[in-house]
Amino acid sequence: MWEIARDTEVLDLNSTYAYTLLCRDFADSSIVAERDGAVAGFVTGYRRPDRPDTLFVWQVAVDAAHRGHGIAGLMLNDLLDHLAVAGVTRLETTITASNTASQELFGSVARRRHSTLTVHDLFAPHHISPEESDPHEAEQLYVIDPA
Ligand SMILES: CC(C)(COP(=O)(O)OP(=O)(O)OC[C@H]1O[C@@H](n2cnc3c(N)ncnc32)[C@H](O)[C@@H]1OP(=O)(O)O)[C@@H](O)C(=O)NCCC(=O)NCCS
């Protein structure tokens, strides 16, 4: 997972330890896809502590060699189906304005699940940038709600 995240060159790369903890403590709300015995993609997420009906998707990534085959969409759908029995009905994620692939991915998930997709401002650059001279792009909140 760490290698796939690193190779995207667009995701914020967490420490290997952070991915290991996510695999232990958030396995129920995360998923990996395997191709030929190797991890080809992953979704990390958690149920929001103050809103347990909501899956917050932290990162989604598919190895470049396996993109365009529906793997990201399948992982998100499987995760939502799996968590539905535990009462999860909403999905939230944040996306930057420049990440067209991610916008298309979540738009596609919403359409396939016959759900509504709404977009709101969430984090401005000053919320997430350690230094003003190197601003992080703003993150918009995407919410998928059952129709
Ligand atoms: C975003 C990403 C996870 C998509 O993975 P993928 O397995 O190729 O996506 P899928 O094949 O499941 O595609 C799902 C939908 O998104 C669309 N899509 C995927 N990549 C796209 C792109 N680069 N441009 C436009 N649309 C795209 C597909 O056409 C599909 O739409 P459809 O169902 O209407 O046909 C992958 O490109 C990636 O790892 N990118 C780098 C990391 C990243 O930006 N992650 C998201 C932010 S956390």
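Residues numbered from 1 in each chain as written. Predicted model: local features only at pLDDT ≥ 70, side-chain atom pairs only at ≥ 80, totals over all residues. Heavy atoms only, no water.

In this structure, what is going on with the overall build of the chain? I would like to understand it.
Helices and strands together make up the secondary structure of the chain, namely five helices and six strands. Ordered by position in the sequence, the α and β elements of the chain form the string α-α-β-β-β-α-β-α-β-α-β. For a compact globule of 147 residues, the expected C-alpha radius of gyration is about 15 Å, and the chain comes in at 15 Å, within 12% of that figure. The C-alpha extent of the chain, read off along each of the three principal axes, is 45 × 35 × 30 Å. Expressed as a percentage of its 147 residues, the buried residues of the chain come to 37%. Long-range contacts, defined as pairs at least 24 residues apart, comprise 57% of the intrachain contacts of the chain with a sequence gap of at least 6. Total accessible area computed for the chain in this model is approximately 8700 Å², and 52% of it derives from carbon and sulfur atoms. Both charge centroids of the chain, one from 11 positive and one from 22 negative side chains, sit 8 Å from each other. (Helix = DSSP H or I, 4+ residues; strand = E, 2+ residues; numbered from the N terminus. Rg over C-alpha atoms; globule rule 2.2 N^0.38 Å. Buried < 20%, exposed > 50% of the residue type's maximum accessible area, 1.4 Å probe, protein only. Contact = heavy atoms within 4.5 Å. Areas by Shrake-Rupley, 256 points an atom, 1.4 Å probe, with all protein chains shown as cover. Lys, Arg positive; Asp, Glu negative; His and termini not counted. Charge placed at Lys NZ, Arg CZ, Asp CG, Glu CD.)

How do you make sense of the side chain of S30 when you look at a structure like this?
Within the secondary structure layout, S30 lies in the loop between α2 (16-25) and β1 (31-35). Engagement of the side chain of S30 in a polar contact is seen with the backbone nitrogen of G45, the distance being 3.2 Å. When neighbours within four sequence positions are excluded, S30 is seen to be in contact with V43, T44, G45 and L79. (Polar contact = N/O pair within 3.5 Å; in protein donor to acceptor, adjacent residues only side chain to side chain.)

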